[in-house]
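Inside the fold
Each chain, written out:
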Amino acid sequence: MEFKIEYKSSNARACCIKTSHSEILTPVFMPVGTLAAIKSLDAIDMSEILDAKIILANTYHLYLRPGSKIIKQMGGLHGFSKFNRSFLTDSGGFQAFSLSANSKPDEEGIKFKSHIDGSLHYFTPKSVLDAQYDFNSDIMMILDDLVALPASKERIDLSLKRTIKWAKEAIDYHKFKQSQGIGIEQNIFGIIQGGTDFEARKICAQALCEMSFDGLAIGGLSVGEENEAMYDTVEAMMPYVDENRPRYLMGVGTPEDLVENVSRGVDMFDCVMPTRNARNGTLFTSFGKFNIKKAEFITDNLPIDPKCSCYTCKNFSRAYLNHLFKAKELTFFRLASLHNLHYYLDLAKQMRQAIIKDEFENFKREFYRQRTC
């Protein structure tokens, strides 16, 4: 991986990340393709219509189905999905934590039952990397010990102990595998935990920054805490997160969350919100969000957002989308998802341009002004 900070505007950064499959300009939003597919869209939609440079897939789900060995046999995620740009794969620890009522972390990893058939599995720092080597993802996330918020100091301290221990095991294993010729072009990111405890975040960040990870992620936020607590936590820990590596805030979030955290020095984001909300009829625009199912749109011939240049807005009206949604026509999922993802990807591009011009604070004020008009 090549990483370069190209411009700064206060704490906001415009960077360039080069993997073996694409050049990624930050700030960047990564669409979530949990099962190696963005719901209702395909690789051509992602590359030719949306021009996404990187998408996220999930180790937990792909490990369970179809299995990492099948994906390896089919040419890794790129050959399997035909998306020939970058993939980031999450470790699956969050899903093992959240999807199974019977998951149980211990000092060596996470035991869990499959949500598909109830079979028993065990994720360790090494095993989740082994799956990701099979996937041939460009960026691999390590196993960490996630805690729901609010959490006791004792539970946060235990999370830190495990996360730092597993991080050391993961980076050592990755170096060993690369010495054997495995994962040479794959990159590995550490994950900083600590809840909303500023001191815990500092300790974890400093420990992981001493290890040779290619990038650093902030995990364990947007899991029940107030938005301001998230923003304050990111701001407090950022001085201890190496500025010479990509910074990735996992699972976040709303357009406002992206703007606020870019202003605090974050480079990378992912979230299911644009596609999940699209399927429920909620559309993001420059003036806020609205739900297309409302009766006021039945005869509205305007595009979703007159300022938007996406495929959907250039070709279809609110009235047509209102009809598709109410008729439960599957075409709605695709058109709405294309619009919402375009909005998120374009928001990231707008922020980058504002940083390049050293006008990010002006951009941020205008972003909020348009949403209150």
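Cut-off values and rules
- Residues numbered from 1 in each chain as written.
- Predicted model: local features only at pLDDT ≥ 70, side-chain atom pairs only at ≥ 80, totals over all residues.
- Heavy atoms only, no water.
- Patch = residues over 30% accessible without salt bridge, like charges linked within 9 Å, V, L, I, M, F, W, Y side chains within 5 Å.
- Areas by Shrake-Rupley, 256 points an atom, 1.4 Å probe, with all protein chains shown as cover.
- Salt bridge = Lys/Arg side-chain N within 4 Å of Asp/Glu carboxyl O.
- Helix = DSSP H or I, 4+ residues; strand = E, 2+ residues; numbered from the N terminus.
- Pairing = 2+ DSSP bridges.
- UniProt positions renumbered as here; feature names shortened; annotations may be inferred.
- 1 Å grid on protein atoms, 1.4 Å probe; cavity = no way out; pocket = protein on both sides within 12 Å on 5 of 7 lines; lining within 4 Å.
- Contact = heavy atoms within 4.5 Å.
- Points joined across faces, edges and corners; volume = space filled by probe spheres on them.
- Nonpolar A, V, L, I, M, F, W, Y, C, P; charged D, E, K, R; others polar.
- Domains from an automatic or database assignment.
- Phe/Tyr/Trp six-rings, centres within 6.5 Å; stacked < 30°, edge-to-face > 60°.
- Buried < 20%, exposed > 50% of the residue type's maximum accessible area, 1.4 Å probe, protein only.
- Buried area = accessible area lost by both parts, 1.4 Å probe.
- Polar contact = N/O pair within 3.5 Å; in protein donor to acceptor, adjacent residues only side chain to side chain.
- Axes fitted to C-alpha atoms, helices over the stretch in contact; angles between N-to-C directions.

1. Topic: a nonpolar patch on the surface
- A cluster of nonpolar side chains, namely I70, M74 and F80, defines an oily patch on the protein surface of about 260 Å² accessible area.
- With respect to the helices and strands, F80 occurs in helix α4 (residues 76–81).

2. What to know about the pairing of strand β16 (residues 288–291)
- Across four bridges, the pairing between strand β15 (residues 282–285) and β16 is antiparallel. Across the sheet, the residue bridging to T282 is N291, located in β16.
- The hairpin turn running from β15 into β16, its antiparallel successor, is two residues long.

3. A closer look at the UniProt feature "binding site: substrate" (unreviewed entry) in the protein
- Within the UniProt annotation, "binding site: substrate" (unreviewed entry) is assigned to D90, S91, G92, G93, F94, D144, Q193 and G220. Of the residues named above, D90, S91, G93, F94, D144, Q193 and G220 line the largest pocket.
- Assignment of secondary structure puts D90 in strand β6 (residues 86–90).
- Apart from the residues within four sequence positions on either side, D90 is in contact with A57, N58, T59, Q95, Q132, M141 and M250.
- You can see G92 is positioned in the loop between β6 and α5 (93–99).

4. Here we look at the layout of surface pockets
- Taken as a whole, the largest pocket spans an internal volume of roughly 880 Å³.
- Around the largest pocket, the lining is made up of 36 residues, and of these V32, F94, Q95, D270 and V272 lie nearest the centre.
- Breaking the lining of the largest pocket down by element, the ones donating at least two residues are β5 (54–58), α5 and α11 (273–279).
- The biggest single contributor to the lining of the largest pocket is α11, with five residues.
- Of the residues that constitute the lining of the largest pocket, the class distribution is 14 nonpolar, 15 polar and seven charged.
- There are two domains that each give the lining of the largest pocket at least three residues, and those are domain 1 (2–270) and domain 2 (271–372).
- There is about 290 Å³ of room inside the second largest pocket.

5. Some thoughts on the packing of aromatic side chains
- Applying the stated rule across the entire model yields 17 aromatic pairs.
- Both rings, one in F83 and one in F87, keep their centres 5.7 Å apart while their planes meet at 85°; by these two values the pair is edge-to-face. Each member of the pair, F83 as well as F87, carries the same accessibility label: buried.
- On the numbers, 6.4 Å between centres and 25° between planes, the contact of F363 with F367 is stacked. Of this pair, F363 and F367 both sit in helix α15 (residues 360–372), four residues apart, which is roughly one turn of the helix.
- Classification of F363 as buried rests on a relative accessible area of 14%.
- Among the aromatic residues, ring-to-ring pairing joins F29, F284, Y343 and Y344 into one connected group.

6. Considering the pattern of salt bridges
- The final tally for this structure, using the stated rule, is 24 salt bridges.
- R264 is the partner of E235 in a salt bridge, and the nearest nitrogen-oxygen pair spans 3.3 Å. In this pair, E235 is assigned in helix α9 (residues 227–237) and R264 in the loop between α10 (255–262) and β14 (268–270), connecting sequence segments 29 residues apart.
- In this structure, D300 engages R318 in a salt bridge whose closest nitrogen and oxygen atoms are separated by 3.0 Å. Of this pair, D300 sits in the loop between β16 and α12 (311–315) while R318 sits in helix α13 (residues 318–326), and the two are 18 residues apart along the sequence. As far as burial versus exposure is concerned, D300 and R318 are alike and both buried.

7. Concerning the domain arrangement of the protein
- Annotation of the protein at the domain level lists domain 1 (2–270) and domain 2 (271–372).
- A straight line from the C-alpha centre of domain 1 to that of domain 2 covers 26 Å.
- For domain 1, the biggest contributors to the area lost against domain 2 are F29, P255 and V259; these three give 21% of the whole.
- Remark: the boundary between domain 1 and domain 2 carries four salt bridges.
- Between E260 and K364 there is a salt bridge, and its shortest N-O distance comes to 3.1 Å.
- Along the contact surface separating domain 1 from domain 2 lie 12 residue pairs in polar contact (both at pLDDT 80 or more).

8. Structural notes on the sheet that holds strand β4 (residues 28–30)
- Spatial strand order, β4-β14-β13-β12-β11-β10-β6-β5: eight strands in an open sheet with parallel pairing. At either margin of the open sheet sits one strand with a lone partner, and together these are β4 and β5. Taken pair by pair, the neighbouring strands of this sheet meet at an average axis angle of 25°, ignoring direction.
- Bridge analysis of strand β12 (residues 215–218) against strand β13 (residues 247–249) gives three bridges, and the strand direction is parallel. Pairing of A217 across the sheet is with Y248, part of β13.
- Lying on the sheet, α10 is in contact with β4, β13 and β14; it crosses β14 at an angle near 160°.

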